[in-house]
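Listed below are the residues making up each chain.
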Amino acid sequence: MSNILDRIASPSDLVQMQGAKILVFGASGAGKTTLCATAPGKTLIISMEAGLLSIKDKDNVTAIEVKEASEIEEIAQLLESGKLDYDTVCLDSVTEMS
């Protein structure tokens, strides 16, 4: 069991550990996927639609196409466990996921 005192940290340290969560909304073709590819560091795009042409030459980006929610859950578990290591993860598109 962890000690509660060990979890006290500065807001800056907590933000660094948690990262930012954002939602980008826009019409088809507005540049949401291209925006994802501009994130700093190593980026994973979880794609649920055929829309990766705009980022095909990006060096810091890898992608996986998924068809089922269970695949997204599996990826989330791999990220949480550290078996997958990315600075940014994008779900493209939430509309397709719904």
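An account of the accompanying structure is given in this report. (Residues numbered from 1 in each chain as written. Predicted model: local features only at pLDDT ≥ 70, side-chain atom pairs only at ≥ 80, totals over all residues. Heavy atoms only, no water.)

1. Topic: the overall build of the chain
To be explicit about the condition: The helix and strand labels rest on DSSP assignments: H or I over at least four residues marks a helix, E over at least two residues marks a strand, and numbering proceeds from the N terminus. Partly exposed describes any residue whose relative accessible area lies between the buried limit of under 20% and the exposed limit of over 50%, with all areas from a 1.4 Å probe on protein chains only and scaled to the type maximum. Pairs of residues are marked as contacts when any of their non-hydrogen atoms sit within 4.5 Å.
When helices and strands are tallied, the chain shows four helices and three strands. Along the chain, from the amino end to the carboxyl end, the secondary structure elements read α-α-β-β-α-β-α. Over its C-alpha atoms, taken along the principal directions, the chain stretches across nearly 50 × 25 × 25 Å. Taking all 98 residues of the chain together, 20% fall into the buried category. The long-range share in the chain, meaning contacts at least 24 apart out of those at least 6 apart in sequence, stands at 45%.

2. Quick look at the nonpolar core
Our working rule: Note on terminology: a nonpolar core comprises buried Ala, Val, Leu, Ile, Met, Phe, Trp, Tyr and Cys residues joined through side-chain atoms within 4.5 Å.
Listed in full, the seven residues of the largest apolar core are Leu44, Ile46, Met48, Val66, Ile72, Ile75 and Tyr86. Among the secondary structure elements, those contributing two or more residues to this core are strand E1 (43–47) and helix H3 (69–81). Aside from chain neighbours lying at most four places away, what touches Tyr86 is Lys42, Thr43, Leu44, Thr62 and Leu79. Counting residues in each nonpolar core, the second largest holds six residues, with Cys36, Ile45, Ile55 and Cys90 among its members.

3. A word on the environment of Ala9
Mapping Ala9 onto the fold places it in the segment before helix H1 (11–18). A C-alpha to C-alpha distance of 15 Å links Ala9 and Gly19, two positions ten residues apart in sequence.

4. With respect to H3
How we decide: Here, expected helix span is obtained from the residue count minus one, scaled by 1.5 Å.
Under the 1.5 Å per step criterion, the end-to-end length of H3 is 19 Å for 13 residues, consistent within 8% with the ideal 18 Å. Downstream of H3 by one or two residues, Gly82 has phi in the positive range, about 90°.

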